[in-house]
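Reading the structure
If you want the building blocks of each chain, they are given just below.
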Amino acid sequence: MCLAVPGKILSIVDSGDVLSRIGKVSFGGIVKDVNLAYTPEAKVDDYVIVHVGFALNTVDESEAVKVFEYLKAIDGLEELENEEQ
Amino acid sequence: MKFIDEYRDPEAAKRYSELIHNITTKKWNIMEVCGGQTHAIVKFGIDELLPKGINLIHGPGCPVCVTSLELIDKSIEIASREEVIFCSFGDMLRVPGSKKDLLQVKAEGGDVRMTYSPLDSLKIAKDNPDKEIVFFAVGFETTAPANAMAVYQAKVQGIENFSILVSHVLVPPAMEAILSSKHNLVQGFLAAGHVCAVMGYNEYFPLAEKYKVPIVVTGFEPLDILQGIYMCIKQLEEGRHEVENQYSRVVNKEGNSTAMEIINRVFKIGSRKWRGIGEIQDSGLVLQDEYINYDASLKFGLADMVVEEPKECISGLILQGLKKPFECEAFAKICTPERPLGATMVSSEGACAAYYRYRKK
Ligand code: SF4
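A look at the overall build of chain A
For chain A, the count of helices and strands is two helices and five strands. Along chain A, from the amino end to the carboxyl end, the secondary structure elements read β-β-β-β-β-α-α. Out of the 85 residues belonging to chain A, those deemed buried represent 46%. Partitioning the contacts of chain A with sequence separation of at least 6, the portion at a separation of at least 24 is 29%. Accessible area for chain A stands at about 4400 Å²; split by element, carbon and sulfur atoms hold 55% of it.

Comments concerning the overall build of chain B
When you go through chain B residue by residue, the secondary structure sums to 15 helices and 11 strands. Computed over its C-alpha atoms, the radius of gyration of chain B comes to 20 Å, within 12% of the 21 Å expected for a compact globule of 361 residues. The principal-axis extents of the C-alpha atoms in chain B amount to approximately 65 × 45 × 40 Å. Here chain B holds 361 residues, and the buried ones make up 61% of them. Look at the contacts in chain B between residues 6 or more apart in sequence, and 78% of them connect residues 24 or more apart. In the structure as shown, chain B presents an accessible area of about 14400 Å², 50% of it carried by carbon and sulfur atoms.

Looking at the confidence of the model for chain B
Keep in mind that low pLDDT regions are not for reading the predicted coordinates in detail. On average, chain B scores 91 in pLDDT, and the residues at 70 or more come to 99%. Both confidence scores are given for the complex: pTM 0.88, ipTM 0.83.

Some thoughts on the nonpolar core
Residues and elements named next belong to chain B. With 101 residues, the main nonpolar core has F162 and Y204 as its most contacted residues. With eight residues, helix α7 (residues 144-156) is the largest single contributor of residues to this core. Sequence-distant contacts of F162, defined by excluding residues within four places in its chain, comprise S121, L122, A125, E132, I133, F135, A150, V151, A154, Y294 and K299. By size, the runner-up hydrophobic cluster in this structure holds 30 residues, among which are L19, I54, I229 and M231.

Here's the deal with the packing of aromatic side chains
A ring pair, where both rings are aromatic, is described by two values, the distance of the centres and the angle of the planes. Scanning the entire structure with this criterion turns up 13 aromatic pairs over all chains. Taken together, a centroid distance of 5.7 Å and an interplanar angle of 85° make the contact between F326(B) and F331(B) edge-to-face. For the ring pair F331(B) and Y356(B), a centre distance of 6.4 Å and an interplane angle of 75° mean the geometry is edge-to-face. Taken together, the residues span a long stretch of sequence, with F331(B) in the loop between α14 (315-319) and α15 (351-359) and Y356(B) in helix α15 at a distance of 25 residues. As far as the burial class goes, F331(B) and Y356(B) line up, both buried. Members of the aromatic cluster, each reached through a chain of ring pairs, are F326(B), F331(B), Y355(B) and Y356(B). Here the basic side chain of K32(A) rests over the ring of Y116(B), its NZ or CZ set 4.2 Å away from the ring centre.

Topic: unusual backbone geometry
The phi torsion at V52(A) lies on the positive side, around 35°, for a residue other than glycine. Here V52(A) is to be found in the loop between β4 (47-51) and β5 (54-58). One non-glycine residue with positive phi stands out, namely A332(B), at about 65°. With respect to the element layout, A332(B) can be found in the loop between α14 and α15.

Let's talk about the site of the ligand
Within the structure, the ligand sits among 13 residues, and C313(B), C328(B), C335(B), T344(B) and C352(B) are positioned closest to it. Its residues assigned to classes, the shell around the ligand comprises 10 nonpolar, three polar and no charged.

Section: the packing of helix α8 (residues 171-180) of chain B against helix α10 (residues 204-211) of chain B
Residues and elements named next belong to chain B. The geometry of α8 relative to α10 is characterised by a closest axis approach of 11 Å and an angle of 5° between their N-to-C directions. With respect to α10, the axis of α8 lies roughly parallel. Counted together, V171, P172, M175, E176, L179 and S180 of α8 and Y204, L207, K210 and Y211 of α10 form the full contact between these two elements. Broken down by class, the residue content of the contact of α8 with α10 amounts to seven nonpolar, one polar and two charged.

Concerning the pairing of strand β4 (residues 111-114) of chain B
All names here are of chain B. In this structure, strand β3 (residues 84-88) lies alongside β4, joined through four bridges in parallel fashion. Along β4, the bridge assignment pairs I85 with D111. Assessed by its sense of winding, the connection that carries the chain from β3 through helix α5 (residues 102-107) to β4 is right-handed.

Considerations on the sheet that holds strand β2 (residues 54-61) of chain B
Residue and element names in this part refer to chain B. A sheet is described by the order of its strands in space; here five strands give the open sequence β2-β1-β7-β8-β9, paired in parallel fashion. The strands lining the two open edges of the sheet, one partner per strand, are β2 and β9 (243-245). For this sheet the average axis-to-axis angle between neighbouring strands, irrespective of direction, equals 25°. Pairing geometry for strand β1 (residues 28-34) and β2, over six bridges, is parallel. The residue of β2 that forms the bridge with E32 is H58.

Structural notes on the side chain of Q246(B)
Structurally, Q246(B) is set in the loop between β9 and α12 (257-266). Residues within four places of Q246(B) in sequence aside, it is in contact with V67(A), V216(B), V217(B), T218(B), G219(B), D224(B), Q227(B), G228(B) and M231(B).

So, α12(B)
All names here are of chain B. The complete set of buried residues in α12 reads A259, M260, I262, I263 and V266. Around the axis of α12, the buried residues are gathered within 165° of arc, so they sit on the same side. Facing away from the buried side of α12 by over 90 degrees, the exposed positions are S257 and N264. Between the side-chain oxygen at the start of α12 and the backbone nitrogen of T258 there is a gap of 3.2 Å, and the oxygen is on N256.

Basis of the calculations
Residues numbered from 1 in each chain as written. Chains lettered and ligands numbered in written order. Predicted model: local features only at pLDDT ≥ 70, side-chain atom pairs only at ≥ 80, totals over all residues. Heavy atoms only, no water. Helix = DSSP H or I, 4+ residues; strand = E, 2+ residues; numbered from the N terminus. Buried < 20%, exposed > 50% of the residue type's maximum accessible area, 1.4 Å probe, protein only. Contact = heavy atoms within 4.5 Å. Areas by Shrake-Rupley, 256 points an atom, 1.4 Å probe, with all protein chains shown as cover. Rg over C-alpha atoms; globule rule 2.2 N^0.38 Å. pLDDT = per-residue confidence, 0-100. Core = buried A, V, L, I, M, F, W, Y, C linked by side-chain atoms within 4.5 Å. Phe/Tyr/Trp six-rings, centres within 6.5 Å; stacked < 30°, edge-to-face > 60°. Lys NZ or Arg CZ within 6 Å of the ring centre and 35° of its normal. Near = heavy atom within 4 Å. Nonpolar A, V, L, I, M, F, W, Y, C, P; charged D, E, K, R; others polar. Axes fitted to C-alpha atoms, helices over the stretch in contact; angles between N-to-C directions. Parallel < 35°, antiparallel > 145°, perpendicular 65-115°, else oblique. Pairing = 2+ DSSP bridges. Right-handed = clockwise from strand over helix to strand, strands pointing away. Arc of directions from axis to C-beta. Polar contact = N/O pair within 3.5 Å; in protein donor to acceptor, adjacent residues only side chain to side chain.

Here's what the structure looks like:
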């Protein structure tokens, strides 16, 4: 139940009430209605993490590559250490 | 980026595994709190990529698994009433109560429905004004925004035939209960990323300080988990105990302020019984006085019901990381996902079910 998955916002219906802002969100092609009340900043084309019908947060694209950068950085450090030995 | 496949790259995973081997000099016990992470660890065999001395302890972070027998029996009692349409997330339907589960209630003619979101059950309430609609509001901080919104909207829209059976649990008090136990084995935590997406991670600083444990907020894909483990071991090896955030693409320190505002408006902190563990003070959410009319337990006169847990299932020990599923006599013999004895065998996020599915020997 706790599995929350990232999906891409295809369109947003604004009813005027922020608490009932609904978006069409695609999860690898499967499109679902998602409540965007908690992500007022989310725009079309953003990725959001969705859990039981609600977007919990937008995915920060610039932070998203950090997993790989971190790996590269520690990888580089290792090599440096190996060369020094 | 689609934010899924990239984080499953086998080459990068292998490299992380090598780097973890390189920095590990001692044995360490690390707990992943969240059942979603347990599922991923067992599914992708992440524990098998680690040095022998690194023991991953599977934590209590599966709401289906920790909902007390008492609440399951309450749900069955309510769902059996003629005037009720009982709505629940699918995974709760097969959790065994003292005598039966919700699916049996359905088979016997009860109106039990599986809903994907609590707002769906609110809609059912609007469409069925002559019925009482009850939603089984289980979950950690991750389902709290949705459940709070359903109650909030019910009040705003004046919907009175709707109530929730509240079984909300909170992660940090459970971590503290584990750390303060004299049997505690846990030396470092991977904190549950999606819980932190809602609540932020300010709550973890005092815990890390008081118990001298590293806490790394971690995501759910294999590379997230491997990086989280790497960061945690690095702290342990260097004698540090800090709060770090591996999952920065989704989590920031302050959490989601809009969500927290609605949660705090509808819920307040209260004590909660955890299945197999017992009562943990201030470890759950209960409705604020202003929303007390939406409490199904009160509405149906079940507030005083007390049910004791059975002894044969050791899921309580598994949830605290003191035993692995293999060590249960019943595992894969009399207890299987088709005929579960305990809740940890029901949910796909439960440790017993994950082991049964991916590791049955
Ligand atoms: S295998 Fe079954 S009986 Fe044993 S701990 Fe797990 S759920 Fe309980």
